[in-house]
Amino acid sequence: MNNQMENRRMRICLWLVRILQKYKRMTLDDIRRQWMASDFSGGIELRRKTFIEYRRATEDLLSMEIACDRRTNEYYIALRDDSQIADWLISSFSISDLVREQQDVRDRILLDAPPAGIEHFDLIVDAFRNGYALEMTYQKFTDSEPYTCHIEPYCLKHDHQRWYLLARKDHRPHLQTFALDRIHSLEARRDVPFTPEADFSPRGHFADSFGIYVGQQLPADIRIRAYGVGRDYLRTAPLHPTQREHIFSDEISDFTLRCRPTRDLMLHLLSQGADIEVMEPDSFREELAQEAQKVAARYATAFANK
């Protein structure tokens, strides 16, 4: 099967999931009507045999079970795994499909620029699958020149509109994260086999972290006080799976979570301004206070020089 046919099959599987998510339960006749209205049909009706093939492909590719209620002959999404990849694919397809079909309003749908560095995806995923190391030329924001190193790739992670590669650099004992948009070049080292340790878990590695940085800090019990709309922000965009809310009044709530008090968490909390306040632990609260004072001092200097 060539790439064009594989791409078409994937798009049809995503389309099938999307309409089942939208309508919840559908008979084959319902699906056929949606099929005839789509770009996929070409005016040709969806045969039962073809539908069954796409149904099975959807289960294989997206780890979703499309079940049938024999009492009503309605199809629905019954089970799925906890992978976020399918959600990404469905979301991306839905947006691209909408923009393609609604040409007259496409200039009113504003999107962020796609993350840079995705041209390295194929090679990194191939290294995962076939078990080999990579040679990377990389440049940090703080470095004036790039450097070349040997890396052993562990996993990819998306965070705040950037893709990162978790890897071991030059056989060092600890794992590091590298932004894909800072990679100048990446080459396969198929002569250097590498497979992560059998007990390594990507989810486990980041389980106690807010974002992509693990750092040296141990997980801590963090208490955050939220005021007014700050409560709504934390309710709708939880910082961590362990987050819990404790309501004090109509305007104030405390949120508790257990994770590493890393710098990226600190900067994210500061971005919410006065709507939230870290109460515990004292060391993390002090760290935020010092950073806030630096910001205030910079603005005070700017106004003083006017």
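Position numbers for residues start from 1 in each chain and track the written sequence from start to end. Where totals are concerned, whole chains, interfaces and linings use all residues; where local detail is concerned, this predicted model gives features only for residues with pLDDT of at least 70, and gives and counts side-chain atom pairs only at 80 or more. With hydrogens and water excluded, all non-hydrogen atoms of the structure serve as input to the side-chain values.

For the rest of this paragraph, the subject is the pattern of salt bridges. Between side chains of opposite charge, a pair can form when the charged atoms approach closely. The term salt bridge refers to a pairing of a side-chain nitrogen on Lys or Arg with a carboxyl oxygen on Asp or Glu at a separation within 4 Å. Applying the stated criterion across every chain, the model contains 19 salt bridges. As a salt-bridge pair, Asp69 and Arg25 come within 2.5 Å of each other at their nearest N and O atoms. With Asp69 in strand 2 (residues 64-69) and Arg25 in the loop between helix 1 (3-23) and strand 1 (26-27), the pair connects residues that are 44 residues apart, well separated along the chain. Exposed residues in this analysis have more than 50% of their type's maximum accessible area, buried residues have under 20%, and partly exposed residues fall in between, with area computed by a 1.4 Å probe over protein chains only. We classify Asp69 as buried; its relative accessible area is 10%. With a shortest N-O distance of 3.0 Å, Asp191 and Arg189 are connected by a salt bridge. Residue classification places Asp191 among the exposed positions, given a relative accessible area of 56%. A run of H or I in DSSP counts as a helix once it spans at least four residues, and a run of E counts as a strand once it spans at least two, with each numbered from the N terminus.

On the secondary structure map, Arg223 appears in strand 9 (residues 220-227). Arg223 gets classed as partly exposed once you look at its relative accessible area, which sits at 21%. Once the C-alpha coordinates of Arg223 and Phe128 are considered, the two residues, 95 residues apart in sequence, prove to be 38 Å apart. By definition, residues are in contact when any of their heavy atoms lie within 4.5 Å. Beyond its immediate stretch of four places on either side in the chain, Arg223 contacts Asp254, Phe255, Thr256, Glu277, Val278, Met279 and Glu280.

Okay, the nonpolar core next. If you look at the biggest cluster of nonpolar residues, it comprises 19 residues, and the most contacted ones within it are Leu134, Met136, Tyr138, Ile151 and Leu186. Taken together, the elements giving at least two residues each to this core come down to helix 5 (121-130), strand 4 (132-138), strand 5 (147-159), strand 6 (162-169), strand 7 (175-179) and strand 8 (183-193). Excluding its chain neighbours within four sequence positions, the residues that come into contact with Leu134 are Leu123, Ile124, Ala127, Cys149, His150, Ile151, Pro153, Leu186, Glu187, Ala188 and Arg189. The term nonpolar core refers to a set of buried residues drawn from Ala, Val, Leu, Ile, Met, Phe, Trp, Tyr and Cys, joined through side-chain atoms within 4.5 Å.

Right, let's get into the sheet that holds strand 10 (residues 244-247). With antiparallel pairing, 4 strands are arranged side by side in an open sheet as 10-11-9-12. Two strands close off the open sheet at either side, each with one partner strand: strand 10 and strand 12 (276-280). Sheet twist, expressed as the mean angle between neighbouring strand axes with direction ignored, is 30°. When DSSP finds at least two bridges between two strands, those strands are taken to pair. Summarising the sheet, strand 10 and strand 11 (residues 252-259) pair through 4 bridges and their orientation is antiparallel. Counted as the bridge partner of Arg244 is Thr256 from strand 11. Lines fitted to C-alpha atoms define the axes here, with helix axes fitted over just the stretch in contact, and angles between the N-to-C directions of these axes take values from 0 to 180 degrees. Packing against the sheet, helix 7 (residues 229-236) makes contact with strand 9, strand 10, strand 11 and strand 12, and its axis sits at approximately 135° to strand 9.

Helix length check: helix 3 (residues 48-62) (15 residues) gives 21 Å between terminal C-alpha atoms against 21 Å at 1.5 Å per residue, within 8%. All of the buried residues in helix 3 are Thr50, Phe51, Tyr54, Arg55, Ala57, Thr58 and Leu62. Down the axis, helix 3 shows its buried residues gathered within 165° of arc, on one side only. Looking at helix 3, the residues exposed on the side facing more than 90 degrees away from the buried face are Lys49, Arg56 and Asp60. In the stretch just after helix 3, Ser63 is the one whose phi turns positive, near 55°. One less than the number of residues in a helix, times 1.5 Å, gives the span that helix is expected to have. The directions considered for the arc run from the helix axis to the C-beta atoms.

Turning to the sheet that holds strand 6, a few remarks are in order. Ordered in space as 7-6-5-4-8, the 5 strands form an open sheet in which the pairing is antiparallel. In this open sheet, the two strands that pair with only one neighbour each are strand 7 and strand 8. Neighbour-to-neighbour, the strand axes of this sheet turn through a mean angle of 45°, independent of strand direction. Of the strand pairs in this sheet, strand 4 and strand 8 are connected by 7 bridges, and their pairing is antiparallel.

Caution is warranted with low-pLDDT regions, since their predicted coordinates should not be read in detail. A residue's pLDDT is simply how confident the predictor is in it, with values from 0 to 100. Here the protein averages 88 in pLDDT, while 92% of its residues score no lower than 70. Element-level mean pLDDT values for the protein span from 68 in helix 4 (residues 85-101) up to 97 in strand 4.

Okay, the packing of helix 2 (residues 28-36) against helix 3 next. Interaxial distance between helix 2 and helix 3 falls to 12 Å at its minimum, and their mutual angle equals 90°. Considering their axes alone, helix 2 and helix 3 lie roughly perpendicular with respect to each other. Contacts from Leu28, Ile31, Arg32 and Trp35 of helix 2 reach helix 3 at Arg48, Phe51 and Tyr54. Split into classes, the residues belonging to the contact of helix 2 with helix 3 amount to 5 nonpolar, no polar and 2 charged. Angles are sorted into four bins: roughly parallel if under 35 degrees, roughly antiparallel if over 145, roughly perpendicular if 65 to 115, and oblique for all others. For this scheme, ten residues count as nonpolar: Ala, Val, Leu, Ile, Met, Phe, Trp, Tyr, Cys and Pro. Four count as charged, namely Asp, Glu, Lys and Arg, and the remainder, Gly too, count as polar.

A few words now on the packing of aromatic side chains. Paired rings are identified among Phe, Tyr and Trp, the last through its six-membered ring, by centres lying within 6.5 Å, and are further divided according to the angle between planes into stacked (under 30 degrees), edge-to-face (over 60) and tilted (the rest). Evaluated as defined, the whole model comprises 10 aromatic pairs. Ring geometry for Trp35 against Phe40: centres 6.2 Å apart, planes inclined by 20°, an arrangement best described as stacked. The exposure classification of Trp35 matches that of Phe40, with both residues buried. Plain terms: the ring middles of Tyr138 and Phe178 are 5.1 Å apart, the flat faces sit at 85° to each other, and that makes the pair edge-to-face. One end of the pair, Tyr138, is in strand 4; the other, Phe178, is in strand 7, and 40 residues separate them in sequence. Both residues of the pair, Tyr138 and Phe178, belong to the buried class. Sitting over a ring, as applied to charges here, requires NZ of Lys or CZ of Arg to be within 6 Å of the ring centre and within 35 degrees of the ring normal. Sitting above the plane of the Tyr76 ring, Arg25 keeps its charged end 4.6 Å from the centroid.

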